[in-house]
Amino acid sequence: MTKPYTEEKKKIKIQDITVRDGNQSILATRMKRKDILALVRTLDQVGFESLEVWGGATFDSAFRFLKQSAWTNLREIRKAAPNTKLSMLLRGQNVVGYHHYDNDTLERFVRLTLENGIDIIRIFDALNDPNNLKFSFEFTKKYGGHLQAAIAYTISPVHNNEYYVNLVKTYESMGADSICIKDMAGIISPQTAYDLISDLKQATKLPIHLHSHTTANATPLVMEQAMLAGVDIVDGCISPFSGGTSHLADETLIE
């Protein structure tokens, strides 16, 4: 059993990711602009730390399937949510596509993303290769965005806590403003979550953010143990968009 978090009681922040990852996980990213805006106007009044509203598959799905402009979506979302920071997911050198793009394209994309309303850019590489993240990190800092460097969490003989601690130290040296443990498959265990966050808290003063899908259905315990270990921010969705391949409900996180 883990011991309760013994430092001074802290306020844990929640990022709502309904519009991006909830939409992507539950609705195959098919939510239309009018529905997104109606939702965002309400979410903006709640007091979330931030709203993840863009990036991932939302960009190509808007153009490919919904025949709507992802850029117009972003600008309208920014108008609809004046009180809350907006976050997006960027795939490093892959930007929001499925192969590597040149640096001119990457730089222009990052600049326009920030100019059109995004505050926080969560950046990951599926292989945790800093070489694939170098320029997206650099451009995010250059144009004044909050750089959230994400660990792509997995389990293997080499992916242990020491590996992740060293990776976070590398990200910190590259200018990260915060760290996200990005458990895309929902495979982190409660005890591992506690141990990893405890180790990261010893290694860095950067805020630690936990993102874990409910695929394996251990996420309530994972989040509880993360909170006991001192996690700063957690991701969740409103309840209709929660569960399954998505995320834990905001309502459950609050409890």
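Residues numbered from 1 in each chain as written. Predicted model: local features only at pLDDT ≥ 70, side-chain atom pairs only at ≥ 80, totals over all residues. Heavy atoms only, no water.

*Asks:* Tell me about the packing of aromatic side chains, and name the residues and values.
*Replies:* In total, this model carries 11 aromatic pairs according to the counting rule given. Ring geometry for tyrosine 163 versus tyrosine 164: centroids 5.1 Å apart, planes at 75°, classification edge-to-face. In this structure, arginine 30 is placed above the aromatic ring of phenylalanine 65, and the distance from its NZ or CZ to the ring centre is 3.8 Å. A cation over an aromatic ring shows up here: lysine 182 above the ring of phenylalanine 124, its NZ or CZ 5.3 Å from the ring centre. (Phe/Tyr/Trp six-rings, centres within 6.5 Å; stacked < 30°, edge-to-face > 60°. Lys NZ or Arg CZ within 6 Å of the ring centre and 35° of its normal.)

*Asks:* With reference to specific residues and values, describe the sheet that holds strand 3 (residues 85-90).
*Replies:* Pairing in this closed barrel of eight strands is parallel, and the strands run 1-2-3-4-5-6-7-8 around the ring. Adjacent strand axes in the sheet meet at a mean angle of 30° when their direction is disregarded. Of the pairings in the sheet, the one linking strand 6 (residues 178-183) to strand 7 (residues 208-212) comprises five bridges and is parallel in character. When the sheet's bridge partners are listed, cysteine 180 is paired in strand 7 with histidine 209. Packed onto the sheet, helix 1 (residues 18-26) meets strand 1 (13-16), strand 2 (50-55), strand 3, strand 6, strand 7 and strand 8 (233-236) and runs at close to 55° relative to strand 2. Strand contacts of helix 9 (residues 219-229): strand 7 and strand 8, with the helix running at about 175° to strand 7, the strand carrying the most contacts. (Pairing = 2+ DSSP bridges. Helix = DSSP H or I, 4+ residues; strand = E, 2+ residues; numbered from the N terminus. Axes fitted to C-alpha atoms, helices over the stretch in contact; angles between N-to-C directions. Contact = heavy atoms within 4.5 Å.)

*Asks:* An account of the pairing of strand 3 is needed here, citing residue identities and associated values.
*Replies:* Each regular strand carries side chains that alternate between the two faces of the sheet. Of all six residues in strand 3, five are buried, a share of seventy percent or more. Sheet topology note: the strand 3/strand 4 (residues 120-123) ladder contains four bridges and is parallel. What sits directly across from serine 87, in strand 4, is isoleucine 120. The handedness of the strand 3 to strand 4 crossover, carried by helix 5 (residues 103-115), is right-handed. (Buried < 20%, exposed > 50% of the residue type's maximum accessible area, 1.4 Å probe, protein only. Right-handed = clockwise from strand over helix to strand, strands pointing away.)

These results come straight from atomic positions and should not be treated as a statement about function.
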